[in-house]
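# Results of the structural survey
The residues making up each chain are set out below.
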Amino acid sequence: MATVVKGLTSVVNVLETYRGRDRVMRFLTYAAMFLGGDGSTPLQIKWKILSSELSGCRVILRLFDDLSMLLYNMSISFGRKEKGLLKPLEICTALFNQLYYPSEHIAWFRQKKILSGNSAPFSLFGLLFWALALLGEIAKCLVRLMRLNAQAKSLQKQRKLDRDSSHETSPQNIQIQENLKKLATEKMDCILLFLQYSCDFINAISWMPPGVLWAQKLKSSTNGILGMIASFIMLYRNWPSSQNS
């Protein structure tokens, strides 16, 4: 009984936050997309309707995300605090993420006939900015993985030299082992992010107009699987710890 209560508490803690609820809705949107398939049966059509409605709900909720993204980008100075190769990647990613929201908003207002004009160009702009932001995130993950691997190799070399100079485990060696564990955790998190962004990037390109790489070539069920993988990683990385439950 205690385990059930603990599990329900974690779920409720996620659903009571805006970001947590959005991630759950995102997962369910893609799950329904997967179950909807090509919509060839009455049951599949129902799943596709559910996926469309959940997606539409998330679009409406994102109407209020501009300021949150702006505040976040301002807190990181739009990536200008970074050094080396990460700096231009952070700047471009922050800019593309910021531009995504107004593009999607204008497209939505035009789709609903609140604003006059064709929604297609702004829908395409939103998709393009999302894809470019994801590409930037993927590149950032690769750069960070290279840095983490370089740090790990350096620490492993230090540990070997320390062992060669002393038969006993020194305090320095213990500290090196702890640092290696931290690097391994950071590396795993970076790999998960890389997988998440890659799945979303594949989907983003697949919804582009025909002629762009693999655009319009993936099945709806494939998009659903990729979306579920990315959404599951988002939930896993941000799930409340037992200490916070």
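Note that this is a predicted model, so its numbers are computed, not measured. (Residues numbered from 1 in each chain as written. Predicted model: local features only at pLDDT ≥ 70, side-chain atom pairs only at ≥ 80, totals over all residues. Heavy atoms only, no water.)

### Topic: the overall build of the protein chain
Each helix and strand counted, the protein chain has eight helices and zero strands in total. Going from the N terminus to the C terminus, the protein chain shows its helices and strands as α-α-α-α-α-α-α-α. If you line up the protein chain on its principal axes, its C-alpha atoms span 75 × 50 × 35 Å. Contacts in the protein chain between residues far apart in sequence, at least 24 positions, make up 67% of those at least 6 positions apart. Carbon and sulfur atoms form 65% of the exposed surface of the protein chain, whose accessible area is close to 15,100 Å². (Helix = DSSP H or I, 4+ residues; strand = E, 2+ residues; numbered from the N terminus. Contact = heavy atoms within 4.5 Å. Areas by Shrake-Rupley, 256 points an atom, 1.4 Å probe, with all protein chains shown as cover.)

### Quick notes on the nonpolar core
Among the nonpolar cores identified, the biggest contains 25 residues, and Trp130, Ala131, Leu134, Tyr197, Phe201 and Ala204 are the most heavily contacted of them. Where this core is concerned, the elements lending two or more residues are helix H2 (18-36), helix H5 (86-111), helix H6 (120-165) and helix H7 (171-206). Per element, the largest residue contribution to this core is nine residues, and it comes from H6. Not counting residues up to four positions away in its chain, the partners in contact with Phe201 are Ala131, Leu134, Leu135, Ile138 and Trp214. (Core = buried A, V, L, I, M, F, W, Y, C linked by side-chain atoms within 4.5 Å. Buried < 20%, exposed > 50% of the residue type's maximum accessible area, 1.4 Å probe, protein only.)

### Things to note about a nonpolar patch on the surface
Together, Phe34, Leu35, Leu43, Trp47, Leu50, Leu195, Ile225 and Ile229 make up a nonpolar patch on the protein surface, roughly 660 Å² of accessible area in all. When residues of the nonpolar patch are assigned to their parent elements, the largest contribution, three residues, is made by helix H3 (residues 42-61). Residue position: Leu43 is located in helix H3. (Patch = residues over 30% accessible without salt bridge, like charges linked within 9 Å, V, L, I, M, F, W, Y side chains within 5 Å. Salt bridge = Lys/Arg side-chain N within 4 Å of Asp/Glu carboxyl O.)

### A closer look at the UniProt feature "transmembrane region" (unreviewed entry) in the protein chain
As recorded in UniProt, the sites labelled "transmembrane region" (unreviewed entry) are residues 122-143. Note that residues 122-143 is 100% helix and 0% strand, and that its end C-alpha atoms are spaced 31 Å apart. (UniProt positions renumbered as here; feature names shortened; annotations may be inferred.)

### Quick look at the packing of aromatic side chains
Summed over all chains, the structure comprises six aromatic pairs. When the ring of Trp108 is compared with that of Phe109, the centres are 5.1 Å apart and the planes differ by 75°; the resulting orientation is edge-to-face. Classification of Trp108 as buried rests on a relative accessible area of 16%. For Phe109, a relative accessible area of 28% corresponds to the partly exposed category. Here the aromatic rings of Phe201 and Trp214 are separated by 6.2 Å at their centres, their planes lie at 80°, and the arrangement is edge-to-face. (Phe/Tyr/Trp six-rings, centres within 6.5 Å; stacked < 30°, edge-to-face > 60°.)

### What about the environment of Leu235?
Tracing the chain through its elements places Leu235 in helix H8 (residues 220-238). Note on Leu235: relative accessible area 13%, which makes it buried. In this structure, the C-alpha to C-alpha distance between Leu235 and Arg19, residues 216 residues apart in sequence, is 9.8 Å. Excluding its chain neighbours within four sequence positions, the residues that come into contact with Leu235 are Val14, Gly20, Arg23, Val24 and Phe27.

### A short note on unusual backbone geometry
Not every positive phi belongs to a glycine, and Ser77 is a case in point at roughly 55°. Here the phi dihedral of Leu213 falls at roughly 50°; this positive angle occurs in a residue that is not glycine. Mapped onto the elements, Leu213 comes out in the loop between H7 and H8. The class for Leu213 is exposed, based on a relative accessible area of 56%.

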